[in-house]
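# Structural overview
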Amino acid sequence: GLGDVYKRQMLELLDQRSAADPGVSLALDKALVHQGLGNYDEMFVFLDQAIDDYAGGVVFIGASWFWLRDEVRSDPRFEALLRRIDYPGLAEAAA
């Protein structure tokens, strides 16, 4: 739909920004857009990259409403990401 067209345009703009300023990590932004498009494999690639880039927003991935979709939360890769950032409460939730 039209929303997907805008999301793809956003990805193009993010790619342009990345090329213009390679010192700025936009991986978390790209992950959000891919999540909105339902591209979960790409979303996880960019979430991993955001963690590798030390993007500040990754500390909120366990609590942010952006990541509340069942398709995201039920994916084992999401828990692996939370473990990578040592997300608080993860051990208690598993018990």
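Residues numbered from 1 in each chain as written. Predicted model: local features only at pLDDT ≥ 70, side-chain atom pairs only at ≥ 80, totals over all residues. Heavy atoms only, no water.

Further remarks concern a nonpolar patch on the surface. On the surface, Leu2, Val5 and Tyr6 cluster together to form a nonpolar patch covering roughly 320 Å² of accessible area. Within the element layout of this structure, Tyr6 appears in helix H1 (residues 2–20). For Tyr6, a relative accessible area of 52% translates into the label exposed. (Patch = residues over 30% accessible without salt bridge, like charges linked within 9 Å, V, L, I, M, F, W, Y side chains within 5 Å. Areas by Shrake-Rupley, 256 points an atom, 1.4 Å probe, with all protein chains shown as cover. Salt bridge = Lys/Arg side-chain N within 4 Å of Asp/Glu carboxyl O. Helix = DSSP H or I, 4+ residues; strand = E, 2+ residues; numbered from the N terminus. Buried < 20%, exposed > 50% of the residue type's maximum accessible area, 1.4 Å probe, protein only.)

The final tally for this structure, using the stated rule, is eight salt bridges. Close ionic contact of Asp4 with Lys7 constitutes a salt bridge, the shortest N to O distance being 3.8 Å. Taken as a pair, Asp4 and Lys7 lie in helix H1 at a separation of three residues, close to a single helical turn. On the basis of relative accessible area, Lys7 is assigned to the partly exposed category, the value being 30%. Arg83 serves as the salt-bridge partner of Glu79, at 2.5 Å between the closest nitrogen and oxygen. Taken together, the residues span about one helical turn, with Glu79 and Arg83 both in helix H5 (residues 76–84) at a distance of four residues. Take Glu79: its relative accessible area is 36%, and that puts it in the partly exposed class. Arg83 sits in the partly exposed class, given a relative accessible area of 48%. A network of salt bridges, in which partner residues are shared, links Asp41, Asp75 and Arg77.

We now examine the nonpolar core. Counting 18 residues, the largest nonpolar core has Leu28, Met43, Phe44, Leu47, Ile61, Trp67 and Val72 as its most contacted members. Contributions of two or more residues to this core are made by helix H2 (27–37), helix H3 (40–52) and H5. The element that contributes the greatest number of residues to this core is H3, accounting for seven residues. Ignoring sequence-local partners within four residues, the contact set of Val72 consists of Gln35, Tyr40, Met43, Phe44, Trp67 and Phe78. Core analysis: the second largest hydrophobic core is formed by five residues, Leu11, Leu14, Leu26 and Val33 among them. (Core = buried A, V, L, I, M, F, W, Y, C linked by side-chain atoms within 4.5 Å. Contact = heavy atoms within 4.5 Å.)

What follows is about the packing of H1 against H2. Two elements in contact, H1 and H2, have axes separated by 10 Å at closest approach and are oriented at 160°. By the angle between their axes, H1 is roughly antiparallel relative to H2. Crossing hand, H1 versus H2: left-handed. Between H1 and H2, the residues in contact are Asp4, Lys7, Arg8, Met10, Leu11, Leu14, Asp15 and Ser18 and Asp29, Lys30, Val33, His34, Gly36 and Leu37, respectively. A class-by-class count of the residues in the contact of H1 with H2 yields five nonpolar, three polar and six charged. (Axes fitted to C-alpha atoms, helices over the stretch in contact; angles between N-to-C directions. Parallel < 35°, antiparallel > 145°, perpendicular 65-115°, else oblique. Left-handed = near helix turned anticlockwise from the far one by under 90°. Nonpolar A, V, L, I, M, F, W, Y, C, P; charged D, E, K, R; others polar.)

So far we have only geometry, and geometry alone does not tell us how the molecule works.
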